[in-house]
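Below, each chain spelled out in residue letters.
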Amino acid sequence: SANESGSGAYAYTGAGDVLKVVDVSDPANPLFAGRLVLPGTITAIAARDDTLFVWTGTRTFCIVDARVPENPHLVGRVDLEDTAVEFPSIAVAESYAFVTRGFWDLGWSGIPSGIRVIDVRDPKAPVEATRYDGDYESIAISGNNLYALSNEPETGWRVDLLDVSDPTNPTTLGSYLGHAEWRGFDVMADGPDIFVTSGWVIEIIDFSDPTAPTEIG
């Protein structure tokens, strides 16, 4: 994951249980800035401003303050040991984080993971607020719109658009069914447009009208 702040541009990566902060202000000469040991192997990182949301192999969701890149520190954590998620997809809104099983998650054992919704309004005490049903493999958020990608053996990939203006009571606004012969790997969002990697291509879907999304590229 990466972030740009007034003091420079930084990338964040995990090496085992070590979170590393890298100064990439000069892309040709990246410099190590800081590190933090977390409780378990790091398998996913999402950044919002100078706050990092990190998932570890112990099924622990961690919130890290990286305002001082040389000295990142753990602010809060919540353990979700009942989940099958190992390598998740994380999407972060203003007050909530959404976690679901990622495409590369080999530890799911056929169990639908749903989407775990974590209240992060108090970074020192994050708490699971609710969970949504569904066997999703990638999620992305834009405003109050959460885009959730799933794969079905017979029908191919599908993206559901969920209104999460009330994260504890999501509403499905629409869906787009992709190509049956290709599997969807990841979804990204930029306003009403979403980008889905499937097969060997990137498909662009316009969700301006959630009831009739259309492929535009």
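Before any of the text, the structure's been laid out above.
Residues numbered from 1 in each chain as written. Predicted model: local features only at pLDDT ≥ 70, side-chain atom pairs only at ≥ 80, totals over all residues. Heavy atoms only, no water.

Examining the sheet that holds strand E12 (residues 127-132)
Now for step 1: Pairing within the open sheet is antiparallel, and its 4 strands lie in the order E9-E10-E11-E12. Strand pairing shows two members of the sheet lacking a second neighbour, strand E9 (88-92) and E12, which therefore form its edges. When strand polarity is set aside, the average angle formed by the axes of neighbouring strands in this sheet is 25°.
Now for step 2: One ladder, built from 5 bridges, connects strand E10 (residues 96-101) with strand E11 (residues 115-119); its direction is antiparallel. Note that in E11 the partner of Phe-98 across the bridge is Val-117. (Pairing = 2+ DSSP bridges. Helix = DSSP H or I, 4+ residues; strand = E, 2+ residues; numbered from the N terminus. Axes fitted to C-alpha atoms, helices over the stretch in contact; angles between N-to-C directions.)

Some thoughts on the packing of aromatic side chains
Now for step 1: Enumeration over the complete set of coordinates arrives at 4 aromatic pairs.
Now for step 2: When the ring of Phe-98 is compared with that of Tyr-132, the centres are 6.4 Å apart and the planes differ by 45°; the resulting orientation is tilted. One end of the pair, Phe-98, is in strand E10; the other, Tyr-132, is in strand E12, with 34 residues separating them in the sequence.
Now for step 3: For the pair Trp-157 and Tyr-176, a centre-to-centre distance of 5.8 Å together with 40° between the ring planes defines the contact as tilted. In this pair, Trp-157 is assigned in strand E15 (residues 156-163) and Tyr-176 in strand E16 (residues 171-177), connecting sequence segments 19 residues apart.
Now for step 4: Given the relative accessible area of 0%, Trp-157 is considered buried. (Phe/Tyr/Trp six-rings, centres within 6.5 Å; stacked < 30°, edge-to-face > 60°. Buried < 20%, exposed > 50% of the residue type's maximum accessible area, 1.4 Å probe, protein only.)

Regarding the pattern of salt bridges
Close approach of charged atoms allows side chains of opposite charge to pair.
Now for step 1: For the structure on display, the rule yields 6 salt bridges.
Now for step 2: Residues Arg-158 and Asp-160 are paired through a salt bridge, measuring 2.8 Å at the closest nitrogen-oxygen approach.
Now for step 3: Taking the relative accessible area as the measure of exposure, Arg-158 reaches 25% and is therefore partly exposed.
Now for step 4: In this structure Asp-160 comes out as buried when scored by relative accessible area, which is 6%.
Now for step 5: Here the residues in one salt-bridge network are Arg-116, Glu-128 and Arg-131, joined through shared partners. (Salt bridge = Lys/Arg side-chain N within 4 Å of Asp/Glu carboxyl O.)

Everything listed here is a matter of coordinates, which is why it stays silent on function.
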